Every structure is written in C-alpha cells, then in structure tokens.
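Residues per chain are reported as follows:
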Number of protein chains: 2
Amino acid sequence: MAISSNPPADAVSSSEQMAAFSEALESRRQLVYNYLDNWPGVTSFKPRDIYDALFSYVRQRGKGLRPSLLLLSCGAVGGDEAQAVPAAAAIEIFHIWTLVHDDIIDRDETRRGHPTVHAQYTRLAREVMDLSDTESAHYGTAVAILAGDLQQSWSFGLLADSVSRGVSPEVTLKLVQRMAGSLTPQLLEGEMLDVQFALAPPAGLSEDDVLHMLSRKTAALLDYAAWAGATIGLGTHRDGDGLAGKLGRFASLCGTAFQLQDDLLGVTGDEGMLGKPVGSDIREGKRTLIIFRALATVDEEARRLILSVLGNDKASSESLKETVAILQQSGAFEYVRELANSYISQALAILETIPESDYKTLLRSWASFLLARKY
Amino acid sequence: MAISSNPPADAVSSSEQMAAFSEALESRRQLVYNYLDNWPGVTSFKPRDIYDALFSYVRQRGKGLRPSLLLLSCGAVGGDEAQAVPAAAAIEIFHIWTLVHDDIIDRDETRRGHPTVHAQYTRLAREVMDLSDTESAHYGTAVAILAGDLQQSWSFGLLADSVSRGVSPEVTLKLVQRMAGSLTPQLLEGEMLDVQFALAPPAGLSEDDVLHMLSRKTAALLDYAAWAGATIGLGTHRDGDGLAGKLGRFASLCGTAFQLQDDLLGVTGDEGMLGKPVGSDIREGKRTLIIFRALATVDEEARRLILSVLGNDKASSESLKETVAILQQSGAFEYVRELANSYISQALAILETIPESDYKTLLRSWASFLLARKY
C-alpha cells in the first residue's frame, strides 16, 4: 500500500534539473561539513564522552537539506554563498541538538540505523562502566542532555561567526536575535504540544491544533533557514521587497507538506522502506491529521476500533491492519495528500514571485527532492 | 560542628560597607528582575506548561549575585550600568537553565525549598493527568529538558539585546561568541566530569582533577559575568589594561573558594542550616577535595571506613558521624579551608590592581557576601 507522492504538476523538476540539484546539494553539504570538521573551537569540547556524543549525529552526515536551503536562499537574492557557510553550519547543529533531546523525550533507540545518543551511552554505561540498568539509563540521559545543551550553544557560536566571513555585525546580531527570540520558542512549543497531544484524548483536539503543532515542530526551522540565508545575501536587515520573508514562507509551506507526507508514510509506507511495521505510528499514539480526519468522518463502530488501537502498544497486527484499511476507506489519506499538495502549490506560487535565476531553479528542485524522498 | 568561615583579614568588609552593599545588591537585583518580567518576548513562550516551567526558578528570585557582579564590574571600569542590564539578565537566565538540567541529572527533588522543575511536572502528571509513576517521571523530565533548552536560547537573546541599550554590535557579538565558545563548553565539561567522577573509584582521581572540575562547574560563570560587565563598560573588545581579564580572574578565584566552602558546609554544616543531614554529601558519594585529602593522609583502617560510606546510601548515621570525625582529625577540613582562603587572598590581591572607586569597594563586599553566606 505504498503511497504515490502525487505532487502537483508544477512541482516536478525534470530529471536533468534533479541531477544538477544532486550535484549542487552534495557540494554544499561538503562545504558545511568541512566547516564543522575544521571549526577551531572543537578542542574546547571535553571530556571525551561529550566530544564523541556531540559529533555522533554530525559524523552520520545528514542529507544537508537545511543548510543547503540556507545557502541557496542566499544565492537566490544575489548574495555570496561563502558568507553564509557559518550560518548554514549553525542550522545543521541547531537541528541536531533538537534531535538529540527529542530522542530522549520520544524514547527512540535508533536514528538512521544507529543508536541514538542516549541509547549509545546507556549501553556504554552498562557494558563498560558496569552500572545497573537504571543507573545506565540515567547516565545515557545525562550525557544526551549535556551534549544537546552544548550543541545548542555551539549553534549560536557558529551563527555569530558569520562576521568572520564579512557579514556585518548588525546582520549577524539579527540572525542571533531571531534564532533566540522566534525560532527556538516556536520549535519548542511544537515539541511540547507533540508530547501533550499524545497524552490528550483525541476528542479534545482539532485539525487546526494538529496543523499548528506541525508548523511549529517542522516548518519553523525551514522558515528560519531560508530567511537567514536571504538576509545574509541581502546584506541588510531592511528588506524592501520582502524577499527574505517570501523565501521563508516558501520553505515553511514545504515543511508542513513534508510533515503531512511523513505522517502518510508512517501509516501506509511498507516495513522495508520505513524500518518499522506498518501502522506503528498508530500504535505509538501519534496524533496525526489522518487520525483526526478519519475520526471526524467514520461511523461509531470504526471510531471505536481506531480509538482502541491508537496508542495501544498491545494492539494486534490484525487490528492494526484493519484500522489502516478503515483510514484508507474514510478518505483521510486522500484528504491529507491533497492538503499537502495544496501547501506545495502555495509554496511554489510564492517562489515564482522572486526574480529568475539558476538558484530559483535549484530551490524548486530542493522542494521536489524534499517531497519525493524515499525511506 | 559548624565551621567558622575564617576568611583572611583583608577580605572582611566593615558592617557599614556590608549595609551599603546589601542596598546596592537589592537595587540591582530589582533592575534585573524587572527587566526579565517585562521582556516583550515572553509572550512567545508557549504552551502554558513551558511558560510556567520557564519562570519557575525566576519567580523564586535568587539573591542576584551573578547579575550584580556583572553590573558592578561594568561600573568598576567606568561604564554605565544601565547598558549592562540585558547582559546581567542573560547571566541570571543562563545560570537558571543549568540548574534546571542539573537538577534532572542530580535527581534533586527540591531547590530553595520548592520542588525542582522536573519534580513539579512529575507531580502534575500524576495528580492532574493521572499518568502512571513511570510516565509521570518521563513527562516531568521532558518538560524540564524543554524548559531548560528554551532558557538557554533566551539567555542568548537577552545578551543580544545589549545593542538596544547602546552597546555596540561588535561588543555584543563578542559577548555572544565567548558565551557560546568558552563559557558553555567549560561549564558543561564541569557538569560532565562531576557525573563521571561520582561513578569513578576515588583512587583514579587526583586533587587537581577535582579542582579542575570545580573551576569549570562554578568558577567559569562568575569569570564570564565579571569579564562581560567590564567589556560592556569599556565599550571595546580591545582592553589595553586587561581590566576585564583581571575582574574575570578575581571572580573566578572567588568562585572556586565559594565551592570549596560549599563542600565544607556539605560535610560539617548542621542539619538546620543546610536542610539536609550532616554528612549527606558523603553518603551521596560527592568527590570533594576533603575526601581526597583525607584518603591521602589517613591510615588503612580509616581509609576503609571512608570508602565504605562514600556513595553508600545505606550507610548508618553512626558510621557517617564516625567518618566526619575521621575527616576532621585528618586535617582535611583545615587543608581545604586554608586552600579556600588562599584563593580569596589571591582574588583580593587582583582586585587591588584595578583603579579605586566606590564600585571596587562594592566588589570587595560582594566577595565577603559570597563567602560568608549562611544557609
């Protein structure tokens, strides 16, 4: 029951454009990771466990979609991408610290096929330090809390380093102020709501609540990345044409569409692709829009089945499969897919309003890449 | 067996000076807390649980020793304290986030007579949300992680707000860079070492290891606060006379002396004063300098007793009292007290090298106040 991503026609970049984009993505990813690997301040990260934990997700190398968005947005307004490399590195580390702490909160044991930071140090405490299970888990959590804390600080340090690449102190401070005053509060609001929603009865929440949570948890960081790149590129924090705001809005809409797609894949994707059983998001009790939509439209019997399986880690595979079938029949998948597509269309319409350039083409491909990913 | 703080003669401010200092401290504390209470960005702190958690320790009002140090250091180099208020507020919030996360790691349930953030939300989850004990503890930890994360970001935002008080963008960025690149790594190194030392056999550690940990965990923040205040006051990040460095070193030495005194009080202070039983630091396994000094000097039998009680939460009150008596006889208390006093003397000698002013007198009183505190 793998789902076709079925994006609007104008979202599709040609295969030639996608090949050019792959190359552009890879070169920017390398720029950013080289910058991080050679950052002189890393010698101050001690002791060994903190250092290793700090670089754990960095060494695994993400795709670099967030830093690339920042660099391309800088180029799209006519800026020099080299000036934006420290900020791009900051965005990658900022994203990583939120993952490290989120993995503690979500009790996730693996990420991209590797143990999460807290899981890794829990194991080390048990196997090398010979601690009890409880003490090992506590040690693992402590290391992950401290490593994430240090990464957050590091991301502010990287951002401030923009001055070393010729970004003015005024613009650099503006980047710091918006990260501190807007990005972090939004993102942490999203994380907190995600935790609270999973504990709340679904009847107490609305579709708008769920969409608000998604916009905070996923879209805010992409919004910031595009805005920051454009702000560096414009070299001023007064942006008469509103280009930075437009690029931020483009990225934000792509981010919400991405998250809706992620929710679809979490229910419908096959086990081999996702690395977790079909419907596991339902068993985990994730308050996705699919669930809300279905609950609002199905009959009482179907409703009871969905609620009996949602967040019930003892739910049988049969009842899970039955639930997925009900969700499918309810039209909830189609509804969420169309909503995601409408966000993509809006995003691309906004992108159309910025001046033509090779960067604009790359940003269109960036959106295609983000929204056509395979697990 | 309460210990006299017994400071070097030149450390003692007159009672008249201390009265003037109390007034100066209170007015600065109010300046900083008013700034925090009226900070426009607080409306972005959502949802309710995060907002309440964020202000939990802020509402309890610390003595304001760290922000006052920053403001007085600004004045001591001839600067305008009003310019340093956002940075002073940043230091208070920075200190608070480290407490919120440290309390999770140390599993402390109370702070200043109130529940710690994670303990408070654990209770709320159990009593209001009706979660199981395990789930309540996890919810409490999640809220405290996210609240501390947001506070860290807030402290960078407050620091960046220094520009709004006329601090130049260059100096403001320098404050951000040193907080990110030096203060946080040092402080988190101290926290990580503290966790690791408590799990290591005492024989594998040296006195220098313990002093290094203390300098990171406690002294680094005071060093930064004094340096930052002076840097704002000087209005430049080139400080020809090295005044900012000197004030930082003064504060750092006071910080280490304070921590050594704290360790003495943790073993010898009486129950009424400390709010915890005599010797509880020993039962908790804290790797204090007192323990190291005693282990290095006592005979084998006494050594065995100390090691049998250290970190043993089942140790009887009798064996604890016996251990405290052995520590006393070993001369370890005297050794640590003299070491603390030598740090205070060095700190005051450095303070003497800066130009005379009322601020300098207040800084001397600040040191007396810090080091003569009663629980």
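Everything numeric here is computed off the predicted structure, so don't read it as measured data.

J.: For this particular structure, what's the right way to read unusual backbone geometry?
T.: That bond from Lys46(A) to Pro47(A) is cis: its omega, -15°, falls within 30 degrees of zero. The backbone of Arg107(B) sits at a positive phi, close to 55°, despite the residue not being glycine. By the element assignment, Arg107(B) lies in the loop between α4 (85–105) and β1 (110–111). You can call Arg107(B) partly exposed: its relative accessible area is 38%.

J.: In this structure, what is going on with the side chain of His118(A)? I would like to understand it.
T.: You can see His118(A) is positioned in helix α5 (residues 117–127). Contacts of His118(A), omitting those with residues within four sequence positions, involve Asp103(A), Ile104(A), Asp108(A), Glu109(A), Gly140(A), Thr141(A) and Ala144(A).

J.: Help me understand the state of the cysteines, please; the structure alone is not making it clear to me.
T.: In a disulfide, the sulfur atoms of two cysteines are covalently bonded to one another. Residues and elements named next belong to chain A. One pass over the structure, following the stated rule, counts zero disulfides over all chains. For the unlinked cysteine Cys74, the closest cysteine sulfur is that of Cys254, found at 19 Å. Cys74 gets classed as buried once you look at its relative accessible area, which sits at 0%. A relative accessible area of 0% means that Cys254 is categorised as buried.

J.: Would you take a moment to explain the environment of Arg364(A) for this structure?
T.: Tracing the backbone shows Arg364(A) in helix α16 (residues 358–371). On a C-alpha basis, the gap between Arg364(A) and Phe21(A) in space is 9.4 Å, while along the polypeptide they are 343 residues apart.

J.: Any chance you could explain the side chain of Thr288(B) here in plain terms?
T.: Structurally, Thr288(B) can be placed in the loop between α11 (280–283) and α12 (289–297). For Thr288(B), a relative accessible area of 3% translates into the label buried.

J.: What's the story with the relation of the copies chain B and chain A in this structure? I'm lost.
T.: For the pair chain B and chain A, the relating rotation is 180°, the translation along its axis is 0.0 Å, and the fit reaches an RMSD of 0.0 Å. The transformation just described matches what one would write down for a two-fold rotation axis. Minimal C-alpha separation from the rotation axis in chain B is found for Pro169(B), amounting to 2.8 Å. Of the interface residues in chain B, 100% have counterparts in chain A that sit at the interface too, so the contact is made through matching surfaces.

J.: What's the story with helix α8 (residues 207–234) of chain B in this structure? I'm lost.
T.: In an α-helix, one turn spans 3.6 residues; hence positions three or four apart end up facing the same way. Residues and elements named next belong to chain B. Residue Ala219 marks the point of greatest curvature in α8, where the axis turns by about 50°. The buried fraction of α8 is high, at 20 of 28 residues. Looking one or two residues beyond α8, the residue adopting positive phi is Gly235, at roughly 70°.

J.: Even after reading the chapter, I still don't get the nonpolar core, so can you show me in this structure?
T.: For soluble globular proteins, nonpolar side chains are generally found buried alongside one another. In this structure, Trp154(A), Phe250(A), Trp366(A), Trp154(B), Phe250(B) and Trp366(B) are the most contacted members of the largest nonpolar core, which totals 264 residues. Among residues more than four places away in sequence, those in contact with Trp154(B) are Leu36(B), Trp39(B), Val42(B), Phe45(B), Leu54(B), Phe55(B) and Ile93(B).

J.: Can you walk me through the packing of aromatic side chains in this structure?
T.: Each aromatic ring pair is specified by the distance between its two centres and by the angle formed by the two planes. Within the structure shown, the criterion is met by 19 aromatic pairs over all chains. With 5.5 Å between their ring centres and 55° between their planes, Phe21(B) and Phe369(B) make a pair best called tilted. Of this pair, Phe21(B) sits in helix α1 (residues 15–37) while Phe369(B) sits in helix α16 (residues 358–371), and the two are 348 residues apart along the sequence. We classify Phe369(B) as partly exposed; its relative accessible area is 22%. Residues Phe94(B) and Trp97(B) carry aromatic rings whose centres are separated by 5.3 Å and whose planes lie at 70° to one another, so their mutual orientation is edge-to-face. Of this pair, Phe94(B) and Trp97(B) are both found in helix α4, three residues apart, which corresponds to roughly one turn of the helix. This pair shows no difference in class: Phe94(B) is buried, exactly as Trp97(B) is. Three or more aromatic residues joined by ring pairs make a cluster, and in this case those are Trp39(A), Phe45(A), Tyr51(A), Phe55(A) and Trp154(A). When the ring centre of Tyr335(A) is taken as reference, the NZ or CZ atom of Arg293(A) above it lies at 3.8 Å. Its guanidinium or amino end placed over the ring of Trp227(B), Arg178(B) lies 4.4 Å from that ring's centre, counting from NZ or CZ.

J.: What is the right way to look at the interface of chain B and chain A in this model?
T.: It is common to give the size of an interface as the accessible area lost on bringing the parts into contact. On the chain A side, the residues contacting the 48 residues of chain B number 48 residues. Carbon and sulfur atoms supply 71% of the area that chain B and chain A bury against each other, a total of about 4,400 Å² over both sides. On the chain B side of the contact with chain A, Leu146(B), Leu173(B) and Met192(B) bury the most area, a combined 14% of that side's loss. Summed over the shared surface of chain B and chain A, the result is two salt bridges. The closest approach of N and O atoms between Arg107(A) and Glu135(B), which form a salt bridge, is 2.9 Å. At the surface where chain B touches chain A, the tally comes to 20 residue pairs in polar contact (both at pLDDT 80 or more). Elements supplying a minimum of two residues to the side of chain B that touches chain A: α2 (48–59), α4, α6 (133–160) and α7 (169–199) of chain B. For the side of chain B that touches chain A, the element with the most residues is α7(B), which contributes 19 residues.

J.: Teacher, can you tell me more about the pattern of salt bridges here?
T.: A full pass over the atoms with the stated rule returns 40 salt bridges over all chains. Residue Asp194(A) pairs with Lys217(A) through a salt bridge whose shortest N-O separation is 3.1 Å. Residue Asp194(A) is located in helix α7 (residues 169–199), and its partner Lys217(A) is located in helix α8 (residues 207–234); the two are separated by 23 residues in the primary sequence. Here Glu26(B) ties to Arg29(B) by a salt bridge, and the two come within 3.3 Å at their closest N and O atoms. Here Glu26(B) and its partner Arg29(B) are both found in helix α1, three residues apart, which amounts to about one turn of the helix. Counted as one network, the salt bridges with shared partners bring together Glu352(A), Glu356(A), Lys360(A) and Arg364(A).

What counts, and at which threshold
- Residues numbered from 1 in each chain as written.
- Chains lettered and ligands numbered in written order.
- Predicted model: local features only at pLDDT ≥ 70, side-chain atom pairs only at ≥ 80, totals over all residues.
- Heavy atoms only, no water.
- Helix = DSSP H or I, 4+ residues; strand = E, 2+ residues; numbered from the N terminus.
- Buried < 20%, exposed > 50% of the residue type's maximum accessible area, 1.4 Å probe, protein only.
- Contact = heavy atoms within 4.5 Å.
- Disulfide = S-S within 2.5 Å.
- Least-squares fit on C-alpha atoms with pLDDT ≥ 70 in both.
- Bend = angle between axes of the 7 residues up to and from the residue.
- Core = buried A, V, L, I, M, F, W, Y, C linked by side-chain atoms within 4.5 Å.
- Phe/Tyr/Trp six-rings, centres within 6.5 Å; stacked < 30°, edge-to-face > 60°.
- Lys NZ or Arg CZ within 6 Å of the ring centre and 35° of its normal.
- Buried area = accessible area lost by both parts, 1.4 Å probe.
- Salt bridge = Lys/Arg side-chain N within 4 Å of Asp/Glu carboxyl O.
- Polar contact = N/O pair within 3.5 Å; in protein donor to acceptor, adjacent residues only side chain to side chain.

Keep in mind these numbers describe shape, not what the thing actually does.
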